[in-house]
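Analysis of the macromolecular model
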Amino acid sequence: MELDGEQIVKVRADEDHPVSRGYTCPKGRAIGMDQHRLERLEVPMIRENGELRPTSWEHVLDDLAAKLSGIIDKSGARGVGTFIGGGGFLDASGFYSLLSFLKTIGTPSAYSDMTIDSVAKVVAAEMVTGISGLEPRADLQSTRMVIFVGTNPVISHTRTIQMHAPTAAMRDMRAQGSALWVIDPRRTETAQRADGHIAPRPGLDYAVLGFLIRELLIEGADFEYLARHAQGVDQLRVAVDRFTLARASAICGLDPQQLLDFLAAVRKAGRLSVETGTGVTMQRAGNVTQWLSLALMAVTGSLDREGGAWVNPGRIMRKDKMDFPAAPEEGWNRPGPESRPELRGTHGDYPCAAIPDEIAAGHLRAMVVFGGNLEVCLPETGRSYEALKQLEVMAVFDVNQNRTVDIATHVLPTKSQLERADMTFVTDSSFPLMVTQYTPALIEPVGQRKAFWWILGQLGQRMGIDFFPGFDIDTGTDDRFLAYILAIFGHDFEELKEKRLIVEPPIIGWVQRFVDQKVGGWRLAPGPLAEQLQQLEARESVEDSDSLILIPRRQKFHENSKLLDLRDPPQVFMHSRDVRIAGLKEGELVRVRSVNGEVQRCLKIDDTLRAGCINVPHGWSDELNVNRLTGTSEVDPITGMVLYSGLEVSVEPAAPDC
Ligand SMILES: Nc1nc2c(c(=O)[nH]1)N[C@H]1C(S)=C(S)[C@@H](COP(=O)(O)OP(=O)(O)OC[C@H]3O[C@@H](n4cnc5c(=O)[nH]c(N)nc54)[C@H](O)[C@@H]3O)O[C@H]1N2
Ligand SMILES: Nc1nc2c(c(=O)[nH]1)N[C@H]1C(S)=C(S)[C@@H](COP(=O)(O)OP(=O)(O)OC[C@H]3O[C@@H](n4cnc5c(=O)[nH]c(N)nc54)[C@H](O)[C@@H]3O)O[C@H]1N2
Ligand SMILES: [Mo]
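Model, not experiment: these values are computed from the prediction.

1. Here's the deal with a nonpolar patch on the surface
A contiguous nonpolar patch, built from M1, L3 and L442 and spanning about 240 Å² of accessible area, is present on the exposed surface. Looking at where L442 falls in the secondary structure, it is placed in the loop between β18 (434-439) and α20 (452-463). Exposure remark for L442: the relative accessible area of 38% places this residue in the partly exposed category.

2. Section: the site of ligand 2
Around ligand 2 there are 32 residues in total, and T151, S156, D184, D205 and H558 lie nearest to it. At a separation of 2.7 Å, an oxygen atom of ligand 2 approaches a polar side-chain atom of D184. The contact in question runs from an oxygen atom of ligand 2 to an N or O atom on the backbone of T278, over 2.8 Å. Protein contact buries 95% of the 920 Å² of open area that ligand 2 shows by itself. Within the residue set of the shell around ligand 2, elements represented by two or more residues are α7 (153-156), α14 (278-281) and β22 (558-559). Tallied by class, residues from the shell around ligand 2 come to seven nonpolar, 15 polar and ten charged. Formed jointly, the shell around ligand 2 draws a minimum of three residues from each of two domains, domain 2 (125-315 + 516-536) and domain 3 (544-655).

3. Description of a positive patch on the surface
On the surface, R29, R171, R193 and K556 cluster together into a positively charged patch. Structurally, R171 can be placed in helix α8 (residues 166-175).

4. Considering the sheet that holds strand β26 (residues 598-605)
Either a parallel or an antiparallel arrangement is found when strands of a sheet pair, and the pairing is made through backbone hydrogen bonds. Pairing is mixed around the closed barrel formed by six strands, whose spatial order is β21-β27-β24-β26-β25-β28. Strand-to-strand twist in this sheet, taken as the mean axis angle between neighbours without regard to direction, amounts to 45°. Where strand β25 (residues 589-593) meets strand β28 (residues 647-655), five bridges bridge the pair, whose relative direction is antiparallel. Bridging across to β28, V592 finds its partner in V651.

5. Concerning the site of ligand 1
Lining the immediate surroundings of ligand 1 are 29 residues, of which G86, D113, N373, D398 and S561 lie closest. Contacts to ligand 1 include T414, whose side-chain N or O atom sits 2.8 Å from a nitrogen atom. Protein burial of ligand 1: of its 920 Å² of free accessible surface, 94% is covered by the chains. For the shell around ligand 1, the elements supplying multiple residues, two or more each, are α4 (86-89) and β15 (393-398). Among the residues making up the shell around ligand 1, the classes are represented as eight nonpolar, 15 polar and six charged. There are two domains that each give the shell around ligand 1 at least three residues, and those are domain 1 (37-108 + 330-423 + 434-503) and domain 3 (544-655).

Definitions and limits used
Residues numbered from 1 in each chain as written. Chains lettered and ligands numbered in written order. Predicted model: local features only at pLDDT ≥ 70, side-chain atom pairs only at ≥ 80, totals over all residues. Heavy atoms only, no water. Patch = residues over 30% accessible without salt bridge, like charges linked within 9 Å, V, L, I, M, F, W, Y side chains within 5 Å. Areas by Shrake-Rupley, 256 points an atom, 1.4 Å probe, with all protein chains shown as cover. Salt bridge = Lys/Arg side-chain N within 4 Å of Asp/Glu carboxyl O. Helix = DSSP H or I, 4+ residues; strand = E, 2+ residues; numbered from the N terminus. Buried < 20%, exposed > 50% of the residue type's maximum accessible area, 1.4 Å probe, protein only. Near = heavy atom within 4 Å. Polar contact = N/O pair within 3.5 Å; in protein donor to acceptor, adjacent residues only side chain to side chain. Nonpolar A, V, L, I, M, F, W, Y, C, P; charged D, E, K, R; others polar. Domains from an automatic or database assignment. Lys, Arg positive; Asp, Glu negative; His and termini not counted. Charge placed at Lys NZ, Arg CZ, Asp CG, Glu CD. Pairing = 2+ DSSP bridges. Axes fitted to C-alpha atoms, helices over the stretch in contact; angles between N-to-C directions.

Dropping the structure here:
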């Protein structure tokens, strides 16, 4: 960062950085602009007599602590809920603090992005491997073939493969002889750089994977490996039996030759890694597709093996050194919240779809929102946003003003990324390398912003609860808090602080040992998933439907609800064929409708989309919010995940110009 006093003038890449290799993405480059936004939060605020007003830290903390304690005394701990969003996951100390808060007060009302993003991964991994949330990762140096399903890393960069320099990494991989294939109804920026692209009708990827598995189990599977390390091979064979070449190509709307070419590429590679993204986890068949992607890796003898996919145990947590039990075949799950018992909890969370009902039932009376923009990210905006307004306490910890802050009762401005010392921690097990990086604070906090850990610690003192045993918040600093977390996991902070970046070689084989010893081999056909696959057959039509199918897409200059650059306006993207059929014109204002609501945006033709699909990218607020179209009632029966991909919508003209 080039600084002029406290002003960020320029962001440049570090050419010598072993991970980024001199690359930055638009999100990183916009960090200065984000820091200096006009609408940033600088002082605490409190709602009194219906109005949100600036106040002192003393007053906001006293009031919030008294209200939270009152709710816990009267309705029990479940009355206090938490939500952690994208801004919270990036703050190592903050994330750890929120977990301590949840655990110490003992509330089950934990919500997060997990259940509106990729909870299918958590559950499918539990069922197949016994380990929750395990994400096999391509080894960029040695994987022979990478199949991207429903992910566009050239734009999104993260969450799936976490490619820090995606185009360079893909170029290097192809140069070293690895094959890159993409399954996506859109010819994405990633697909344009791959060896092959399959564009099935949305939501039917499982048929493509099912076809590959079916054929490999006839010829090309690693049978010796399966005999030693897997169970349920016969049940898997039965489950995918209906995906013959003819049927799979008909229901997916594909040329059979494409599937044969794909199969030949898979057989040639031998080992491979399947990287799935939100295009998979947000669709109706999310769990099943996730399962079959794990099964495809197992069938090719690629899971946790050289040349295939490895599993990062996290450089800080080191799951490979921990002793924990394997999840049962049905996965870990706990009862759902009382108002929506059918929405089972997963990974310590209740599904976000339950929030409006839990508030209406009076079970959820306070929400602590850490780095999440609930107005934008939750399904069925009308219902969710109105419900949040009914809360007695809506405490928002953020750095910027937005429509979630507008309805808060307490606003607690926290230090931004540049104002706090921090380290990679929460998501380190999904990195493509075993790496930890420390960064000191670069600038002083603006206004009265405080560290999240400090704010929670202060609340604890007022509530008579110690959230951080052994840590003195009165003398604490960001560095001391990081040292406190690292000590819990047996690491030395001083070493990290001095080196700034520690990279270690990948650890391969630890999951295999776990699965052999504690599970008795990969469970290739978990009962609940085989049942879901069976049920999907009823929806498999070989006819093109007349409805348009809404699918997600990330924008390059937008980071969820953060607009980074006006080059990315709020548009609806449609194929020219569909535009013609609907009698629309590019550049006009269109109204997109679903059974849940409507949204109006400007129309743009995009022939990289498969005809029949439509994109209304997420991240826009208020009238432009795509979540006006999504719902809280149709949810996945196993995970409680809402349908963000695969929704039927219609489009009509609204006005000749935007
Ligand atoms: N229809 C539809 N809905 C979706 C999606 C979709 O594709 N379609 N995507 C879903 C997915 S995958 C996700 S992850 C969610 C994302 O939903 P959110 O997690 O709500 O995502 P962001 O918009 O990134 O919100 C981050 C918030 O954190 C704040 N913030 C940024 N930095 C900091 C910080 O350092 N400290 C604090 N305290 N706050 C900070 C920002 O100002 C912002 O208000 O949305 C989900 N919702
Ligand atoms: N620039 C930018 N980067 C981001 C974000 C952002 O908002 N902007 N958000 C961040 C977050 S929170 C997340 S979770 C990640 C998400 O990262 P990704 O999962 O890579 O998200 P997308 O780039 O939307 O890619 C999803 C792809 O799925 C495809 N798709 C939709 N439906 C289907 C389907 O049924 N089958 C198949 N096979 N494909 C389908 C879409 O066409 C799209 O190309 O990105 C992160 N990075
Ligand atoms: Mo996400």
